Amino acid sequence: MSGTDYKFEGWLGHDPESVKGNMKWGEFEPKKWSEDDVDIKVSHCGICGSDLHMLKSGWGETPYPCCVGHEIVGKAVKVGSNIKHVKVGDRVGVGAQSNSCGKCEDCKNGEENHCLNVTNTYGDKYKDGSGKSYGGYATYARHPGRFVFNIPDGLDSADAAPMLCGGVTVYSPLKNYGCGPGKKVGIVGVGGLGHFGVLFAKALGADEVVGISRKASKKDEVLKLGADRYIATDDDKDWAQDNRRTLDLIVCTVSSGKMPLEGYVGMLKTRGTLIQVGAPDGGELPNINAFTLIGNGVKVGGSAIGPPHEINEMLKLAADQKIHPWVQKRPMKEANAAIVDMDAGKARYRYVLCNDE
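Here is what the cut-offs are and how they apply
Residues numbered from 1 in each chain as written. Predicted model: local features only at pLDDT ≥ 70, side-chain atom pairs only at ≥ 80, totals over all residues. Heavy atoms only, no water. UniProt positions renumbered as here; feature names shortened; annotations may be inferred. Helix = DSSP H or I, 4+ residues; strand = E, 2+ residues; numbered from the N terminus. Pairing = 2+ DSSP bridges. Axes fitted to C-alpha atoms, helices over the stretch in contact; angles between N-to-C directions. Contact = heavy atoms within 4.5 Å. Phe/Tyr/Trp six-rings, centres within 6.5 Å; stacked < 30°, edge-to-face > 60°. Lys NZ or Arg CZ within 6 Å of the ring centre and 35° of its normal. Buried < 20%, exposed > 50% of the residue type's maximum accessible area, 1.4 Å probe, protein only. Parallel < 35°, antiparallel > 145°, perpendicular 65-115°, else oblique. Nonpolar A, V, L, I, M, F, W, Y, C, P; charged D, E, K, R; others polar. Core = buried A, V, L, I, M, F, W, Y, C linked by side-chain atoms within 4.5 Å. Domains from an automatic or database assignment.

Undergrad: I'd like to hear about the UniProt feature "domain: Enoyl reductase (ER)" (unreviewed entry) in the protein, residue by residue, with values.
TA: Residues given the UniProt feature "domain: Enoyl reductase (ER)" (unreviewed entry) here are residues 21-353. Helix makes up 26% of residues 21-353 and strand 25%, whereas the separation of the span's terminal C-alpha atoms amounts to 14 Å.

See the structure below:
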């Protein structure tokens, strides 16, 4: 297939019902090969909340059939002649972005993740007409080498996989909005994304890291991850008032139109910043009162994954500081059961699908 002696096969969603554990195993046609591409034999692929949104057409009409998965790690088995940083046999990964235009102001400034002509790792079309993008719930994956990353020695493949989307989604705003010594940082929603927020905020040297979730039942787990404090917004009666103006930076990973966003914003110190990374279906967020913004002199912004240079930087930090996310390995053949469990909130905190050798 496509000039190779291996088959591109994977779990394909054919309609919105696929999110209920109804993906079907099948063959797919990857993008047309070019000398800018890398073929990867997939060993590990993290399950991300984005996979569920896409399978059910939660962010707009999904172009079925769709093979999801954008936290891909494996072995490079074919490398285009234009790619110099990867060779056959290297352990490599691909995150949530497969390509960008390479020509716009954002691309030239090292902000490729904000390119207006981005190609997502799955469920998208390559702008040069070379085909459709397919993800990593599969045997093999083909992606442009510009967005293929070397996995450092000393970083386990199952640990590295979810960093390529989940990890960098919180690492990037922490890095860009001043997380470090002297700063008090809150992470809202300590789950698949948020637990990375706690790990990376500590690794970047924040003075205090506060985990913020709904239920008190998560407290012990979040403190074990390394948080200094925990706030349960459903169970701590006066949490918003008791924590007013205590945090320099908040990264919010929650994907809900019903979260108490006004309360989170109120926890910011004067000139503090809240960065939203969770993306609800339909994109709707709760209202924030203008007087909360004006009176507190705070900023609210957003962040999307991270550019290649930040992904490389994050992987190096994780290897150097021996950061271990909480992952649960699941066989690739159990992908349907795993996405159902993920949707039910059972992951602690990231499922990683593994292809048995």
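Once you've had a look at it, read on.
Undergrad: With reference to specific residues and values, describe the sheet that holds strand β10 (residues 184-188).
TA: Judged by pairing direction, the sheet is parallel, and its 6 strands sit side by side in the order β12-β11-β10-β13-β14-β15 without closing on themselves. One side of each edge strand has no neighbouring strand; the edge strands of this open sheet are β12 (229-232) and β15 (299-302). Across the sheet, the axes of successive neighbouring strands diverge by a mean angle of 20 degrees, strand direction being ignored. Inspection of the sheet shows β10 paired to strand β11 (residues 208-213) by 5 bridges, in the parallel sense. Within β11, the position partnered with Val 185 by the bridge is Val 209. Set on the sheet, helix α3 (residues 157-176) makes contact with β10, β13 (247-252) and β14 (268-276); between it and β13 the angle comes to about 155 degrees. Those strands touched by helix α4 (residues 194-203) are β10 and β11, and its axis lies near 165 degrees from that of β10.

Undergrad: Account for unusual backbone geometry, naming residues and giving values.
TA: With an omega of -5 degrees, the peptide bond running from Tyr 64 to Pro 65 counts as cis. Summarising the element assignment, Pro 65 is placed in the loop between α1 (49-55) and β4 (72-79). Residues Arg 348 and Tyr 349 are joined by a peptide bond in cis, for which omega reads -5 degrees. Among the secondary structure elements, Tyr 349 is positioned in the loop between α10 (335-343) and β17 (350-354). Phi is positive for Arg 245, which is not a glycine, with a value near 50 degrees. Relative to the elements of secondary structure, Arg 245 occurs in the loop between α6 (239-242) and β13.

Undergrad: Please give an account of the packing of aromatic side chains that cites residues and values.
TA: Applying the stated criterion to the full structure yields 10 aromatic pairs. Centre to centre, the rings of Trp 11 and Trp 25 are 5.4 Å apart; their planes meet at 75 degrees, and the pair counts as edge-to-face. Residue Trp 11 is located in strand β1 (residues 9-12), and its partner Trp 25 is located in strand β2 (residues 24-27); the two are separated by 14 residues in the primary sequence. Measuring from ring centre to ring centre gives 5.9 Å for Trp 239 and Tyr 264, while their planes differ by 50 degrees; the resulting arrangement is tilted. With Trp 239 in helix α6 and Tyr 264 in helix α7 (residues 261-266), the pair connects residues that are 25 residues apart, well separated along the chain. Taken together, Tyr 6, Phe 8, Phe 28, Tyr 134 and Tyr 140 form an aromatic cluster joined through their ring pairs. The ring of Tyr 126 is capped by Lys 31, whose NZ or CZ atom sits 5.2 Å from the centre of that ring. Above the plane of the ring of Tyr 351 lies Arg 330, whose end atom (NZ or CZ) is 4.9 Å from the centre.

Undergrad: Now, about α10: what can you tell me, with residues and values included?
TA: Residues of α10 that are buried: Ala 335, Asn 336, Ala 338, Ile 339, Asp 341 and Met 342. Packed against the buried residues of α10 are β1, α1, β16 (327-331) and β17.

Undergrad: Which residues make up the packing of α3 against helix α9 (residues 308-320), and what values do they have?
TA: Running from amino to carboxyl end, α3 crosses α9 at an angle of 100 degrees, the nearest separation of the two axes being 9 Å. Regarding the angle of α3 to α9, the classification is roughly perpendicular. Here Met 163, Leu 164, Gly 167, Val 168, Tyr 171, Ser 172, Lys 175 and Asn 176 of α3 lie close against α9, whose contacting residues are Glu 310, Ile 311, Glu 313, Met 314, Leu 315, Leu 317 and Ala 318. Its residues assigned to classes, the contact of α3 with α9 shows 9 nonpolar, 3 polar and 3 charged.

Undergrad: Describe in detail the nonpolar core, supporting the description with residues and values.
TA: Of all hydrophobic cores here, the largest spans 50 residues; its most connected members are Met 163, Leu 174, Phe 200 and Leu 315. At the level of elements, α3, β10, α4, α5 (219-225), β12, β13, α9 and β17 are the ones that each hand at least two residues to this core. Looking at this core, the element that brings in the most residues is α3, giving 10 residues. The two domains that each donate at least three residues to this core are domain 1 (9-164 + 325-354) and domain 2 (167-302). If we ignore the near neighbours within four places in the chain, the residues touching Met 163 are Leu 155, Val 168, Phe 196, Phe 200, Met 314, Leu 315, Ala 318, Ile 323 and Pro 325. Core analysis: the second largest hydrophobic core is formed by 41 residues, Leu 52, Cys 66, Ile 72 and Ala 338 among them.

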